[in-house]
Structures are given as C-alpha cells and as structure tokens.
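Spelled out, the chains give:
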Amino acid sequence: MKKFMILIFSMSLLVACGDSEKESLSNELDELMAENDSIQQVHTEFQSTHQKMQQSHRELSQQLETMKVSDSSYFEQMAQNEVILKKHEGLLAGHEKMMQGHKDLKSDFGNLSSEEMKAQIEQMRKVHNEILNDHSTIKSEHEEMMNTHDEIRKNLIDNNPEGEQIEE
C-alpha cells in the first residue's frame, strides 16, 4: 500500500510539473501573440507606405512617359524600382499569412504536448525575426526609392523648367 501511495504521489507530481510547464509555455505564447499584434500594427503601416510608394512610382512613370527625357538611366532606375515594389508586395502578403497563421495556431495550442508547444514557439520566434528583418529591408529600400524619385523629379524640373510635354 505504501508503494502504491508513493507511485500515485510521484505521478501526481509529474502531471503537476507537466501542467506547470504547459502553463509557462502558454504564457510565453501569450507574449508572442502580443508581439504578433505589435508586428501587425507596424505591418499595416508598411502596407500604407507601400501603397503610397506605388502611387508615387506610377505618377513619376507617367510623367517620364510624357516628358522629353534625355537621360535613359531614369527609365532603368524606374524599372529597378518596379521590381523592388513587386518584391515588397510579395513579402507583405506573405507576412500577412504568417501572422494570421500564428493567430490560428493559438486555438489548438493547449492541446499540444510540451515538446510541440516549444517547437511552435521557437518557429514563431524565427518567423517574427524574419518579418522584422524584412521590415527593416523594406524601410531601407523605400527610403532609397524616395530618394531616387526625388532626384529624378528634381532633375526633370531643372532640365525641363517649363514642363514641356512631348506632343503626340
């Protein structure tokens, strides 16, 4: 009987430790979800900035098409920017799916084993770091594009003060 009691106590202790670990992991997930929400807010700002960059790019491209432009490098720069904008579009769409996936994971998280919980948390951290790194790259590339657009506009105005249009 004494051995039986010790066995029951030991099993209860193991279950309690497992529950404690799962609770700790659930708390860790809650922190990651708060981080996910913060990343989502920044992501929304990036989407807005991206849309403004696309609009600026379209407007400048249209201007270039209608003006007398002697420097063909402007068209090359605009083509390069077009590729970057398309890349950003893909990255932002992928980020949206990843963040939604994190929200979806939360619903079943409590049913996972501790090892599965740890694996998901580790992967979520990797994804968050990837998104943050991408945001940094996007921000830098947006700044470069804005500088390029500003330089092209300045040079077009300086070289074409009357805004002469090409007659069609």
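A brief structural summary. Throughout this description, residue numbers start from 1 for each chain and increase along the sequence as written. Totals for whole chains, interfaces and linings use every residue, but because this is a predicted model, local features are given only for residues with pLDDT of at least 70 and side-chain atom pairs only at 80 or more, for both listing and counting. The basis for every side-chain value is the complete set of non-hydrogen atoms in the structure, without hydrogens or water.

What about helix α2 (residues 73-106)?
Helix and strand assignments come from DSSP, with helices taken as H or I runs of at least 4 residues and strands as E runs of at least 2, each series counted from the N terminus. Given the number of residues in a helix, its expected span is that number minus one, multiplied by 1.5 Å. Compared with an ideal rise of 1.5 Å per residue, which puts 34 residues at 50 Å, α2 spans 50 Å between its outermost C-alpha atoms and is within 8% of the ideal. All of the buried residues in α2 are Tyr-74, Met-78, Asn-81, Leu-85, His-88, Leu-92, His-95, Met-99 and His-102. Buried means the residue's accessible area, taken with a 1.4 Å probe over protein chains only, is under 20% of the maximum for its type, while exposed means over 50%, and partly exposed covers the values in between.

A few points about the environment of Asp-30
Relative to the assigned elements, Asp-30 resides in helix α1 (residues 2-66). The exposure class of Asp-30 is partly exposed, given its relative accessible area of 39%. When the C-alpha atoms of Asp-30 and Lys-106 are compared, they prove to be 8.7 Å apart, with 76 residues separating the residues in sequence.

Points about the nonpolar core
Here, nonpolar core refers to any group of buried Ala, Val, Leu, Ile, Met, Phe, Trp, Tyr and Cys residues whose side-chain atoms link them within 4.5 Å. Counting 9 residues, the largest nonpolar core consists of Leu-25, Leu-29, Leu-32, Met-33, Phe-109, Leu-112, Met-117, Ile-121 and Met-124. Among the secondary structure elements, those contributing two or more residues to this core are α1 and α3 (114-159). Looking at this core, the element that brings in the most residues is α1, giving 4 residues. In this analysis, two residues are considered to be in contact whenever any of their non-hydrogen atoms come within 4.5 Å of each other. Here Leu-112 is in contact with Lys-22, Met-117 and Gln-120, once residues within four sequence places are set aside. In this structure, Leu-60, Tyr-74, Met-78 and Ile-152 belong to the second largest nonpolar core, which totals 7 residues.

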